[in-house]
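Now for the letters of each chain:
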Amino acid sequence: MVRTHTVCSLRFLTLFAVLIFCFTGVVSSQTFTWQAPLPQGNYLSDACLLTDSIFLAIGNSGTIIRSTDQGNLWVTAFRMGGSSARLRSMSFISSTEGWVTGDDGTILHTTDAGISWVRMIAPMPGYGLEGIAFSGPLVGWICGGNADGGFVWKTTDGGTHWDTVYTTGTGFHLIAVLKDSLIAALAGGDGRFVSVSADGGDAWDDWDLSELVAGRAMQILNDGTIWIAGDNEIYRSTDGGLDWDQMYEDPDPSFVSIVFTDAMHGWACDQWQGLTASTSDGGTTWTKDTVNDPAAAWLGLSGIRMRPSGVGLVIGPAGLLFVTTDAGLTWNRRSDEPVGNLESACF
């Protein structure tokens, strides 16, 4: 009986030590190491491909991960210890300099391609900062808000100081910019409104999209064309948001992300079935395809981005990550069996 009691006690102590070790790993940003899934399991909300090889991704718990080999191996480049704040959006003006925004008024800045990060003073501490877009090293915009409404802030000194340039009754969740003039911000939880400024943020026009599309993704091309994707539709405006043309509709996908590498070539992905759509004629015609992976078909996708070289990234719920090197003809999984979540990508 004594021997049985000793064995059980040892087993209990061993189990207790394992639990303490696991718990310590969870709460400590210095010692935590993901074992599964790889590359990590935090919810990721945005990403950038700085080059064909250097990838960055951001997400929950103030996490930034980085890869220098096209997504094969990832390391944690930054983590806000003790914080559950989600990093939501990033904007890079070059392969080295960029900014990140997130919950609780978080703004981060890097000048070395994401190796190190410095926290900056927020325009409104404690506000949720949803989207960020810089047009150069000095001028940039942030959108977000709280229960009181939505705000757009502008900086002209690289993010050291911010001024409120627009407010509305509904919170903004996405912002896009063309140089220093044309800015568009999606408002409403379902993206039913878009606010557009053609003079750098001095004057704004609000357009109601509720009869057209629930915007989930947006991009402004170099020629001023604004693309918005959401639900099972893709729309385009060539006159600053005054008129919108439906360019694609399909009953299957529910689009959550869109990207163009030039005026002719674009891609979109849906959030439920692992579907993608692509165009090579400026959006006149679209071809529906699939990532062709059971996990993507089961869990869906949440972001797609493509570089002019044909290197692209698709991410999805539960840590799904796929890379293409042939402009989306084939996709290769770069993550383990899903446990965490990824939502969107940009580069």
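Structure: above.
Residues numbered from 1 in each chain as written. Predicted model: local features only at pLDDT ≥ 70, side-chain atom pairs only at ≥ 80, totals over all residues. Heavy atoms only, no water.

### Re the pairing of strand β21 (residues 255–260)
Thinking step 1. Most of β21 sits out of view: six of its six residues are buried.
Thinking step 2. With five bridges connecting them, β21 and strand β22 (residues 266–270) associate as antiparallel partners. Bridging across to β22, F255 finds its partner in D270.
Thinking step 3. Between β21 and β22, which follow one another and run antiparallel, lie five residues. (Buried < 20%, exposed > 50% of the residue type's maximum accessible area, 1.4 Å probe, protein only. Helix = DSSP H or I, 4+ residues; strand = E, 2+ residues; numbered from the N terminus. Pairing = 2+ DSSP bridges.)

### Digging into the pattern of salt bridges
Thinking step 1. Under the definition given, this model contains six salt bridges.
Thinking step 2. Measuring nitrogen to oxygen at the nearest pair gives 2.6 Å for the salt bridge that ties D52 to R307. On the criterion of sequence distance, the pair formed by D52 in the loop between β1 (44–49) and β2 (55–59) and R307 in the loop between β25 (303–306) and β26 (312–315) is long-range, its members being 255 residues apart.
Thinking step 3. A relative accessible area of 27% means that D52 is categorised as partly exposed.
Thinking step 4. Put simply, R88 and E130 hold a salt bridge, and the shortest N to O gap is 3.9 Å. (Salt bridge = Lys/Arg side-chain N within 4 Å of Asp/Glu carboxyl O.)

### With respect to the sheet that holds strand β6 (residues 98–102)
Thinking step 1. An order of β5-β6-β7-β8 is seen for the four strands of this open sheet, with the pairing classed as antiparallel. Only two strands of the sheet have a single partner each, and these edge strands are β5 (87–92) and β8 (118–119).

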